[in-house]
Amino acid sequence: MECCGLLAGLDGLITKIFPAKNALASPTAYEIAPQELFQLLRLMREEGLDHLGHYHSHPASENVPSTRDVVLAYYPHDAYFIISLLPAAPRPVRAFSIRDGIVRELEITVAES
């Protein structure tokens, strides 16, 4: 089953992960139920964090946005992280900007704590 969730932080730096339930219970698609999405966004606000991105996995395929991922990318200012579980994946984690149907890969920088 695809995993999914939200990413939050401040000043463009992701510092917290908010796991969510895949309401579709599918190995090829994900959806966060509206009520859970609302609760997670409210929790972020309560913690003083900005909603910065989404993540989900592609358990059996390459980690590039699917047609469905592009169509359902409703947050144009968020980063969309996709995790590949393929053993031979050259980059198991990739991030993308998806705006108006245009996909652009983002560079991921890991900050030291």
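Everything discussed here concerns the structure shown above.
Just so it is clear, the model here is predicted, and its values are computed rather than measured.

**Observations concerning the layout of surface pockets**
Right, on to step 1. The space that makes up the largest pocket amounts to roughly 530 Å³.
Right, on to step 2. Gly12, Ile14, Phe81, Ile108 and Thr109 are the residues nearest the centre of the largest pocket, which is lined by 22 residues in total.
Right, on to step 3. Where the lining of the largest pocket is concerned, the elements lending two or more residues are β2 (13-20), β3 (50-58), β4 (79-84) and β5 (93-99).
Right, on to step 4. Sorting elements by how many residues they give to the lining of the largest pocket places β2 first, with five residues.
Right, on to step 5. For the lining of the largest pocket, the residue count by class is 15 nonpolar, four polar and three charged.

**Brief notes about the pairing of β4**
Right, on to step 1. Most of β4 is tucked away, with five of its six residues classed as buried.
Right, on to step 2. Bridge analysis of β3 against β4 gives six bridges, and the strand direction is parallel. By the bridge assignment, histidine 58 is partnered in β4 with serine 84.
Right, on to step 3. Note that β4 and β5 share five bridges and pair antiparallel. If you follow phenylalanine 81 over to β5, its bridge partner there is alanine 95.

The rules we used
Residues numbered from 1 in each chain as written. Predicted model: local features only at pLDDT ≥ 70, side-chain atom pairs only at ≥ 80, totals over all residues. Heavy atoms only, no water. 1 Å grid on protein atoms, 1.4 Å probe; cavity = no way out; pocket = protein on both sides within 12 Å on 5 of 7 lines; lining within 4 Å. Points joined across faces, edges and corners; volume = space filled by probe spheres on them. Helix = DSSP H or I, 4+ residues; strand = E, 2+ residues; numbered from the N terminus. Nonpolar A, V, L, I, M, F, W, Y, C, P; charged D, E, K, R; others polar. Buried < 20%, exposed > 50% of the residue type's maximum accessible area, 1.4 Å probe, protein only. Pairing = 2+ DSSP bridges.

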